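Here are the chains, one letter per residue:
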Amino acid sequence: MDSLTIAGKTFSSRLIVGTGKYSSPSVMVKAHEASGADMVTVAVRRVNISDRSKESLLDYIDASKYFLLPNTAGCYTADDAIRTARLGREAGLSNWVKLEVIGDERTLFPDNEALLEATRVLVREGFVVLPYTSDDPVVCRKLEDAGAAAVMPLGAPIGSGLGIQNLNNIRIIREFARVPMIVDAGVGTASDASLAMELGADGVLMNTAIAGAQDPVTMAEAMKLAVKSGRLAFLAGRIAKKMYATASSPVEGLVGR
Amino acid sequence: MLNGDPYDVPGPLTIADLLAHLDIDSRRVAVERNLVVLKRALFETTEVSDGDQIEIVNFVGGG
């Protein structure tokens, strides 16, 4: 079976999905099921002390079915990201982290310098670090050298739905990397996910493309199939692109010639 | 300070007492005391002192 292995842990699906922005928990639960994913991302935030409503995200995620990947979303410094990662480890009792250090508010592009610094610290502390990074092969190589368990270049800005903006960089990152490459962020629709996988991505991580769709459950299924087909096409080895036509039917034996 | 706001605790208590007082399930949260993350096993024995900075976090939806 074709599965995704990161830091020695094997996942049956190459699609990783988020838990944010769903219209309701029940839609999220159904979307997760339809996606076939077995790893989901979660954010770490302060408990609301003044309003202790009983709803907890974990009421809706079956931890026996889904591996929880805490993120450090919203952190703008290495220190904050490290602190959040440590809290996430204690809350989730796993040492995995989707490491984000944001460098710009409008684009949510990563601060790669701070990201590298945080990666080094967390790897030293025994974390399995999956950094969300720019689609820059050199940065990805540095992250890998720093001990990242995977590299997660963005396809386009988070939540933008623009699809993969720099196909060539994604290919180069895949070629350079000795760890899995997960395309994280920027997917808008199924073909974007397929394309990522056709380029050789080991997996795709998305949230908004599913949660923000008119029908998130159907989109989740579309993404499952897209990741699968893209992966199969990659494994199958596509034909070379040519300028001109090559006939598929025999040129001999035509009537009237 | 509790999650960034001043908070008066009812007498001396441990982290576990504080969570119970706040009606928070300790298995679902992580607690930081003065910038140090506390292992869950230490909730019962760690006393909250005057002036402590406590952060209580949990998982919410995210990507």
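Residues numbered from 1 in each chain as written. Chains lettered and ligands numbered in written order. Predicted model: local features only at pLDDT ≥ 70, side-chain atom pairs only at ≥ 80, totals over all residues.

Novice: Before we go on, may I ask you to explain the overall build of chain A in this structure?
Specialist: On a plain count of helices and strands, chain A comes out with eight helices and ten strands. The buried share of chain A, reckoned over its 257 residues, is 47%. (Helix = DSSP H or I, 4+ residues; strand = E, 2+ residues; numbered from the N terminus. Buried ≥ 20, exposed ≤ 12 C-beta atoms within 10 Å, placed from the backbone.)

Novice: Please clarify how the overall build of chain B should be interpreted in this entry.
Specialist: Secondary structure summary: chain B contains one helix and five strands in total. Secondary structure of chain B in N-to-C order comes out as β-α-β-β-β-β. Here chain B has a C-alpha radius of gyration of 11 Å; the compact-globule value for 63 residues is 11 Å, and the two agree. For chain B, the residues scored as buried account for 22% of the 63 residues in total. Restricting the contact set of chain B to residue pairs at least 6 apart, pairs at least 24 apart contribute 56%. (Rg over C-alpha atoms; globule rule 2.2 N^0.38 Å. Contact = placed C-beta atoms within 7 Å.)

Novice: Any chance you could explain the pairing of strand E6 (residues 96-99) of chain A here in plain terms?
Specialist: On any regular strand, side chains alternate: one points to one face of the sheet, the next to the other face. Residues and elements named next belong to chain A. Of the two faces of E6, the one carrying Trp 96 and Lys 98 and the one carrying Val 97 and Leu 99 are both buried. Relative to strand E7 (residues 128-133), E6 runs parallel, the two being bridged by four bridges. When the sheet's bridge partners are listed, Lys 98 is paired in E7 with Leu 130. You can see the chain leave E6, run along helix H3 (residues 112-124) and come back into E7, and the turn it takes is right-handed. (Pairing = 2+ DSSP bridges. Right-handed = clockwise from strand over helix to strand, strands pointing away.)

Novice: What am I meant to see in unusual backbone geometry here?
Specialist: Phi is mostly negative for residues that are not glycine, and the peptide bonds are mostly trans. Residue and element names in this part refer to chain A. Positioned with a positive phi, Ala 7 is a non-glycine residue whose angle comes to about 50°. Within the fold, Ala 7 resides in the loop between strand E1 (4-6) and strand E2 (9-11). Since 15 C-beta atoms lie within 10 Å of it, Ala 7 is described here as partly exposed. Here Leu 108, not a glycine, exhibits a phi torsion of approximately 55°, which is positive. Relative to the elements of secondary structure, Leu 108 occurs in the loop between E6 and H3.

Novice: What's the story with the interface of chain B and chain A in this structure? I'm lost.
Specialist: Reports of interface size often rely on the accessible area that becomes lost once the parts have come together. Counting residues at the interface gives 21 residues for chain B and 27 residues for chain A. Elements represented by at least two residues in the side of chain B that touches chain A include exactly strand E2 (30-33) and strand E5 (54-61) of chain B. Examining the composition of the side of chain B that touches chain A, we find that seven residues originate from one element, E5(B), more than from any other. For the side of chain B that touches chain A, the class distribution of residues is ten nonpolar, five polar and six charged. As judged from the five bridges shared by strand E4 (residues 39-46) of chain A and E5(B), these two strands associate in the antiparallel manner. Directly across from A:Arg45, in E5(B), lies its bridge partner B:Asn58. (Nonpolar A, V, L, I, M, F, W, Y, C, P; charged D, E, K, R; others polar.)

Novice: Got a minute to help me understand the sheet that holds strand E8 (residues 152-153) of chain A in this structure?
Specialist: Hydrogen bonding along the main chain pairs the strands of a sheet, whether they run parallel or antiparallel. Residues and elements named next belong to chain A. Read across the open sheet, the three strands follow the order E6-E7-E8; overall the sheet is parallel. Two strands lie at the open edges of the sheet, namely E6 and E8, each paired on one side alone. Sheet topology places E7 next to E8; two bridges connect them, and they run parallel. The partner of Thr 133 across the bridge, within E8, is Pro 153.

Novice: In this structure, what is going on with the confidence of the model for chain B? I would like to understand it.
Specialist: Predicted coordinates in regions of low pLDDT should not be interpreted in detail. Residue and element names in this part refer to chain B. Residue-level pLDDT values for chain B average 94, and 100% of them are 70 or greater. When the elements of chain B are averaged for pLDDT, strand E4 (residues 47-48) gives the smallest value, 94, and E2 the largest, 97. Reported confidences for the modelled complex are a pTM of 0.94 and an ipTM of 0.95. (pLDDT = per-residue confidence, 0-100.)

Novice: Please explain the nonpolar core as it appears in this structure.
Specialist: The nonpolar side chains of a soluble globular protein tend to be buried, and buried together. Residues A:Leu99, A:Ala196, A:Val204 and A:Met223 are the most contacted members of the largest nonpolar core, which totals 88 residues. A:Ala196 has contacts with A:Gly155, A:Ile164, A:Ile170, A:Val183, A:Ala201, A:Val204 and A:Gly230, leaving out every residue within four places of it along the chain. (Core = buried A, V, L, I, M, F, W, Y, C linked by C-beta atoms within 7 Å.)

Novice: Would you mind going over helix H5 (residues 167-176) of chain A with me for this structure?
Specialist: Given 3.6 residues to a turn, an α-helix orients residues that are three or four positions apart in the same direction. Residues and elements named next belong to chain A. Every buried residue of H5 is listed here: Ile 170, Ile 173 and Arg 174. Considered in projection along H5, the buried side chains sweep an arc of 100° and stay on one side of the axis. For H5, the exposed residues lying more than 90 degrees away from the buried face are Asn 168 and Glu 175. (Arc of directions from axis to C-beta.)

Novice: Could you clarify how one ought to interpret the packing of helix H4 (residues 137-145) of chain A against H5(A) in this entry?
Specialist: A pair of packed helices is characterised by two quantities: the angle between their axes and the separation of those axes. Residues and elements named next belong to chain A. Look at H4 against H5: their axes get within 9 Å of each other, and the N-to-C directions meet at 30°. In terms of axis orientation, H4 runs roughly parallel to H5. With respect to the hand of their crossing, H4 and H5 are arranged in right-handed fashion. Two secondary-structure elements touch here, H4 through Pro 137, Cys 140 and Arg 141 and H5 through Asn 169, Ile 172, Ile 173 and Phe 176. (Axes fitted to C-alpha atoms, helices over the stretch in contact; angles between N-to-C directions. Parallel < 35°, antiparallel > 145°, perpendicular 65-115°, else oblique. Left-handed = near helix turned anticlockwise from the far one by under 90°.)

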